[in-house]
Amino acid sequence: MNALEAVVLGTVQGLTEFLPISSTAHLRIVPAFFDWEDPGAAFTAVTQLGTMAAVLIYFRGDLSRIALAWARGLRDPEIRRTLDSRLGWYIGLGTIPIGLVGFAFQHQIETGARNLWVIGAALILLGLALLYAERKATLKRDVDDIGPRDAAIIGCAQACALIPGVSRSGSTMTAGLLVGLTREAAARYSFLLSIPAVVLSGLLELRKIGEDGGAGIGATVIATILAFAVGYASIAGLLKFLVRHSTMVFVAYRVALGSLVLLLVASGVVAATP
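Keep in mind that what you see is a predicted model, and the values were worked out from it rather than measured.

1. Details of the nonpolar core
- The biggest cluster of nonpolar side chains holds 35 residues, and the ones touching the most others in it are Val55, Phe59, Ile154, Leu181, Tyr189, Phe191 and Ile235.
- The dominant element in this core, judged by the number of residues it contributes, is helix 11 (residues 183-205), at nine residues.
- Ignoring anything within four residues of it in the chain, the contact list for Phe191 reads Phe18, Val55, Phe59, Ile235, Leu238 and Leu239.
- By size, the runner-up hydrophobic cluster in this structure holds 12 residues, among which are Ala25, Leu116, Val261 and Leu264.

2. Some points on the UniProt feature "transmembrane region" (unreviewed entry) in the chain
- The positions that UniProt labels "transmembrane region" (unreviewed entry) are, in the present scheme, residues 40-59, 87-109, 115-133, 186-204, 216-239 and 251-272.
- Within the segment residues 216-239, helix and strand shares are 96% and 0% respectively, and the terminal C-alpha atoms sit 34 Å apart.

3. Let's talk about a nonpolar patch on the surface
- On the surface, Leu93, Ile96, Leu100, Val101 and Phe105 cluster together into a nonpolar patch covering about 430 Å² of accessible area.
- Tracing the sequence through the fold places Leu100 in helix 6 (residues 83-104).

4. Considering the side chain of Gln158
- The topology assignment puts Gln158 in helix 9 (residues 148-160).
- Beyond its immediate stretch of four places on either side in the chain, Gln158 contacts Gly94, Thr95, Ile98, Arg168, Ser171, Thr172, Leu193, Ser194 and Ala197.

5. Some remarks on the pattern of salt bridges
- The full count for this structure, using the stated rule, is seven salt bridges.
- Two residues, Asp150 and Arg141, come together in a salt bridge whose shortest N-O distance is 2.7 Å.
- Look at Arg141 and you get partly exposed, because its relative accessible area is 22%.

The rules behind each value
- Residues numbered from 1 in each chain as written.
- Predicted model: local features only at pLDDT ≥ 70, side-chain atom pairs only at ≥ 80, totals over all residues.
- Heavy atoms only, no water.
- Core = buried A, V, L, I, M, F, W, Y, C linked by side-chain atoms within 4.5 Å.
- Buried < 20%, exposed > 50% of the residue type's maximum accessible area, 1.4 Å probe, protein only.
- Helix = DSSP H or I, 4+ residues; strand = E, 2+ residues; numbered from the N terminus.
- Contact = heavy atoms within 4.5 Å.
- UniProt positions renumbered as here; feature names shortened; annotations may be inferred.
- Patch = residues over 30% accessible without salt bridge, like charges linked within 9 Å, V, L, I, M, F, W, Y side chains within 5 Å.
- Areas by Shrake-Rupley, 256 points an atom, 1.4 Å probe, with all protein chains shown as cover.
- Salt bridge = Lys/Arg side-chain N within 4 Å of Asp/Glu carboxyl O.

Shown next as structure tokens:
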């Protein structure tokens, strides 16, 4: 991977990580369209550490309160009933499904699931699921209304994002809308829930950077730094957007991109596998 590819892919990662359009899919699709080498699952996981750093900084106030309340709640039952303490438990609960599924299907996720047939179909199907959620959403609940059942449902939805093309934010926001959250609340909780899974995944994949057949260390560093900068701006932009707008623009984009990917693969213009 050269410097230009690193810049492009780092920017793509930052733009798409928090939008419900799948950053993993874009990091597979963009190289395929430009006839570049597939950067691989390790590159994707490590550059996500850049966007996770953006989340940690953007939500540093919320995260410090949650961590402190959760720790204090271990000793004090009164504090355990506060919103911040409960969110700490719910984030942990919601991380269990993706951890179990990721461990069980690690090989399939890193190889066969990067097939463009899978990615194109996943883009369309999750787009239709998000459309259904928009039409059924009551938009009456905020983050402080989340309970254990909601945390489990949204956590299971997050596990589906291990399939490239589904989108972590897309699947969790879809589930959030279906349990009645407002769009902004669903996005905010989605960001918080993503932190443990993405950080652990990125740290586990760090050892593979620089191996034969993957992106080099220098290119990965450039892409990760850009992903952080662009990702920070994307968080603020999406939260402001969802206060006044629905997710329909993302539905249309997903269905259009997924259809284009399937058409190009079917016609032989791009190869389905790296």
